[in-house]
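Per-entry structural report
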Amino acid sequence: MREIVDFVNVSTTGLESSPVAEELAGLRANEARYYKNKYDHDFAVGPADEETEAVERLTRVLAEERDIHIASRPLQATTFEVDGLRMDYVFYESGLAINVMYALDPAGKRAVGFKLSQGMEVPAELAERFKFARQKSKLAGEIRGSFFVVKGEY
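Structural notes, computed from the coordinates. (Residues numbered from 1 in each chain as written. Predicted model: local features only at pLDDT ≥ 70, side-chain atom pairs only at ≥ 80, totals over all residues. Heavy atoms only, no water.)

**Things to note about the overall build of the chain**
- Check the secondary structure of the chain and you find three helices and eight strands.
- Shown N-terminal to C-terminal, the secondary structure of the chain runs as helices and strands in the order β-α-β-α-β-β-β-β-α-β-β.
- The C-alpha radius of gyration of the chain comes to 14 Å, within 12% of the 15 Å expected for a compact globule of 154 residues.
- Counting only C-alpha atoms and orienting by the principal axes, one finds that the chain spans roughly 40 × 35 × 30 Å.
- A total of 154 residues make up the chain; the buried ones form 50% of that total.
- Accessible surface computed for the chain: about 8100 Å², of which carbon and sulfur atoms make up 49%.
- Counting 20 positive and 26 negative side-chain charges, the chain places the centres of these two groups 7 Å from one another. (Helix = DSSP H or I, 4+ residues; strand = E, 2+ residues; numbered from the N terminus. Rg over C-alpha atoms; globule rule 2.2 N^0.38 Å. Buried < 20%, exposed > 50% of the residue type's maximum accessible area, 1.4 Å probe, protein only. Areas by Shrake-Rupley, 256 points an atom, 1.4 Å probe, with all protein chains shown as cover. Lys, Arg positive; Asp, Glu negative; His and termini not counted. Charge placed at Lys NZ, Arg CZ, Asp CG, Glu CD.)

Right, dumping it as structure tokens:
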């Protein structure tokens, strides 16, 4: 069952097994605040084993586009549509958050974004392939992020 992420009172619910649970919760709250402020969308997540559509699609895009296989266990996920975009998010035990932004219009933007929680190492499966830029967040501290453009149809 999905729960709306509260970005005012940040909670580690659903992320407790992560060694960077508090930082990952801040990262998740940062995403929730973004969607609320930009689109007036309530960002809700559920256990990854219940949100299989998002996890499977994201896993497929990573594998088919770049032969990337994430070693960490998915903890929470969501999928939703907003402003002509289908968004898939997966939050991993390692502190990694991955999203697939997929424009429903074939001419629109499509990309995969990676965000690393403060305090986590860059996962080995991403370390040699991507450079990570840094940004500051009140909720998440320092976020490191990278992305790539999706070329296939999903």
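From this point, the narrative continues.
**Let's talk about the packing of aromatic side chains**
- According to the stated counting rule, one finds 14 aromatic pairs in the structure shown.
- Centroid distance phenylalanine 80 to tyrosine 89: 6.5 Å. Interplanar angle 5 degrees. Geometry classified as stacked. In this structure, phenylalanine 80 and tyrosine 89 share a single accessibility class: buried.
- Through pairs of rings, three or more aromatic residues link up here, namely Tyr34, Tyr35, Tyr39, Phe43, Phe80, Tyr89 and Phe91.
- Seen from the ring of tyrosine 102, arginine 110 lies directly overhead, with NZ or CZ sitting 3.8 Å from the centre. (Phe/Tyr/Trp six-rings, centres within 6.5 Å; stacked < 30°, edge-to-face > 60°. Lys NZ or Arg CZ within 6 Å of the ring centre and 35° of its normal.)

**So, the nonpolar core**
- Counting 25 residues, the largest nonpolar core has Leu62, Leu96, Ile98, Val112 and Phe114 as the members making the most contacts within it.
- Of all the secondary structure elements, the ones that give two or more residues to this core are α2 (52-66), β4 (85-92), β5 (96-103) and β6 (110-116).
- Broken down by element, this core gets its largest block of residues, five residues, from α2.
- Formed by 21 residues, the second largest nonpolar core is a distinct cluster that contains Leu15, Ala25, Ala32 and Phe91. (Core = buried A, V, L, I, M, F, W, Y, C linked by side-chain atoms within 4.5 Å.)

**Re the sheet that holds β6**
- The strand order β1-β2-β3-β4-β5-β6-β8-β7 describes an open sheet built from eight strands, whose pairing is antiparallel. This sheet does not close on itself; its edge strands, each paired only once, are β1 (3-4) and β7 (133-137).
- Bridging between β7 and strand β8 (residues 141-149) involves five bridges; their strand directions are antiparallel. Bridging from a neighbouring strand, lysine 136 pairs with glutamate 142 of β8. (Pairing = 2+ DSSP bridges.)

**Regarding the pairing of strand β2 (residues 44-47)**
- Bridging between β1 and β2 involves two bridges; their strand directions are antiparallel. Directly across from isoleucine 4, in β2, lies its bridge partner alanine 44.
- With two bridges connecting them, β2 and strand β3 (residues 74-82) associate as antiparallel partners. Residue proline 47 lies in a different strand from β3, and its bridge partner there is glutamine 76.

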